[in-house]
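Topology and contacts: notes
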Amino acid sequence: MAGKALAGKRAVVTGGGRGIGRAIAVAFAEAGADVAVSGRTPELLEDTAAEVRALGQSAGAKAADLTEVGSIPSVFAELADGLGGFDILVNSAGVQLTAPALDVSEQDWDATLDANLKALFFCCQAAGKHFVEQGSGKIINLASTFSIVGFPEFAAYCASKGGVMQLTRTLSLEWAPHGVNVNAIAPTAVRTEMNAYLLDDPGFLEAFIPHVPAGRVGQPSDVAGSAVFLASPASDFVHGHLLFVDGGYTAV
């Protein structure tokens, strides 16, 4: 995909067992990085790690619920030890719980914000402490087109992803002077297991696709190339950026 743009680098990818996280982990390995993945399902994480090893790179896997924020430092320490340190963090773990705003429960609101924003921040913090000390590092957060535009029945999700955008900007201001790049990727609808319930609905696609100039939904591989760029030296002067991978959705 990008030659060996990440040769010698070591990456931790949350949500690396499936979907966008897995595609990024594999793309990083193709670009020469060693990769450790974290998520909730051990079998899926091991599948990703096996794919990374098949590409000739070292891999690690650690099953964890990152919404238990007290466990995050030890999870990262274990993954980093397995890689001999780390240089890149991708925060891809998250949830998408949808409902009309009048029906959103406190439980679903909290679950969405805890996974998509709170856990993401504390993962950034854990990596940031390491990266600031070593004077370099790349953090890539998965935001969304819904970071800047609303969408019906996505109140909690839109709120969480808007927070990711602002958090990314704020952390970049604090950590850029220490050689740490903090950026985010903003995909539109990407076909993953998490949103199959929407993308398998012909009615949803009929309404949504006309708003995407490219004329289709995204695939995880569409996002992976952008992550390789943001993780590579090619993005060393890119800080606090929200990179849209949306087929033109936000240009309409």
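To start, this report covers the structure provided alongside it.

Rules used throughout
- Residues numbered from 1 in each chain as written.
- Predicted model: local features only at pLDDT ≥ 70, side-chain atom pairs only at ≥ 80, totals over all residues.
- Heavy atoms only, no water.
- Phe/Tyr/Trp six-rings, centres within 6.5 Å; stacked < 30°, edge-to-face > 60°.
- Helix = DSSP H or I, 4+ residues; strand = E, 2+ residues; numbered from the N terminus.
- Buried < 20%, exposed > 50% of the residue type's maximum accessible area, 1.4 Å probe, protein only.
- Pairing = 2+ DSSP bridges.
- Axes fitted to C-alpha atoms, helices over the stretch in contact; angles between N-to-C directions.
- Contact = heavy atoms within 4.5 Å.
- Right-handed = clockwise from strand over helix to strand, strands pointing away.
- Core = buried A, V, L, I, M, F, W, Y, C linked by side-chain atoms within 4.5 Å.
- Parallel < 35°, antiparallel > 145°, perpendicular 65-115°, else oblique.
- Left-handed = near helix turned anticlockwise from the far one by under 90°.
- Nonpolar A, V, L, I, M, F, W, Y, C, P; charged D, E, K, R; others polar.
- Salt bridge = Lys/Arg side-chain N within 4 Å of Asp/Glu carboxyl O.

**Describing the packing of aromatic side chains**
Ring pairs (aromatic) are described by centroid distance and by the angle formed between their planes. For the structure on display, the rule yields twelve aromatic pairs. Where Phe 86 meets Phe 131, the ring centres are 5.0 Å apart and the plane angle is 50 degrees; that geometry is what we call tilted. Of the two residues, Phe 86 is situated in the loop between helix H3 (72-83) and strand S4 (88-91) and Phe 131 in helix H4 (residues 106-134); the sequence distance between them amounts to 45 residues. Like Phe 131, Phe 86 is buried.

**A few points about the sheet that holds strand S3 (residues 59-63)**
Read across the open sheet, the seven strands follow the order S3-S2-S1-S4-S5-S6-S7; overall the sheet is parallel. Two strands in the sheet have a free side with no partner beyond their single neighbour: S3 and strand S7 (242-245). Strand-to-strand, the axes of this sheet are offset by a mean angle of 15 degrees, without reference to chain direction. Strand direction decides the pairing type here: strand S5 (residues 137-142) and strand S6 (residues 180-187), joined by six bridges, are parallel. Each residue of the ladder has a partner; that of Asn 141, found in S6, is Ala 184. Here helix H5 (residues 155-175) sits on the sheet and contacts S5, S6 and S7; the angle it forms with S6, its principal contact strand, is near 160 degrees.

**Quick notes on the pairing of S5**
Within a regular strand, side chains alternate between the sheet's two faces. Across the six residues that make up S5, a large majority, six, are buried. Burial along S5 is two-sided: the face carrying Gly 137, Ile 139 and Asn 141 and the face carrying Lys 138, Ile 140 and Leu 142 are both buried. Taken together, the four bridges between S4 and S5 define a ladder with parallel strand orientation. Paired with Val 90 across the strands is Ile 140, a residue of S5. Each parallel crossover has a hand, and the one from S4 via H4 to S5 is right-handed. Following the chain from S5 across H5 to the adjacent parallel S6, one finds a crossover that is right-handed.

**Digging into the nonpolar core**
Looking at soluble globular proteins, one finds that nonpolar side chains tend to be buried together. Of all hydrophobic cores here, the largest spans 31 residues; its most connected members are Leu 6, Ile 24, Phe 28, Val 35, Val 90 and Ile 185. Put simply, the parts of the chain that give this core at least two residues each are strand S1 (10-14), helix H1 (19-30), strand S2 (34-39), helix H2 (42-54), S4, S5 and helix H8 (220-231). In contact with Ile 185, not counting residues within four places along its chain, are Ile 140, Asn 141, Leu 142, Ala 143, Ser 144, Val 223, Ser 226, Ala 227, Leu 230, Leu 243 and Val 245. Ile 72, Val 75, Phe 131 and Ala 186 belong to the second largest nonpolar core, which has 30 residues in total.

**Some details on the environment of Val 26**
Secondary-structure assignment places Val 26 in helix H1. Separated by 22 residues in the primary sequence, Val 26 and Thr 48 place their C-alpha atoms 7.4 Å from one another. In this structure Val 26 touches Glu 51 and Leu 55, once residues within four positions along its chain are discounted.

**Digging into the packing of H4 against H5**
It is at 9 Å that the axes of H4 and H5 come closest, and there the two elements cross at 15 degrees. When the axis of H4 is compared with that of H5, the two are roughly parallel. Read as a crossing pair, H4 and H5 show a hand that is right-handed. Contacts between H4 and H5 involve Trp 109, Thr 112, Leu 113, Asn 116, Leu 117, Leu 120, Phe 121, Cys 124, Gln 125, Gly 128 and Val 132 on the former and, on the latter, Ala 155, Ala 156, Tyr 157, Ala 159, Ser 160, Lys 161, Gly 163, Val 164, Leu 167, Leu 171 and Trp 175. Taken together, the residues of the contact of H4 with H5 sort by class into 15 nonpolar, six polar and one charged.

**So, the pattern of salt bridges**
Applying the stated criterion across every chain yields a total of eight salt bridges. The partner of Arg 22 in a salt bridge is Glu 51, and the shortest N-O contact between them spans 3.1 Å. On the criterion of sequence distance, the pair formed by Arg 22 in helix H1 and Glu 51 in helix H2 is long-range, its members being 29 residues apart. Given a relative accessible area of 23%, Arg 22 falls into the partly exposed group.

**Section: the side chain of Ser 38**
Assignment of secondary structure puts Ser 38 in strand S2. If we skip the residues at most four places from it in the chain, Ser 38 touches Val 13, Thr 14, Gly 15, Gly 16, Leu 45, Lys 62, Ala 64, Leu 66, Val 75 and Leu 79.

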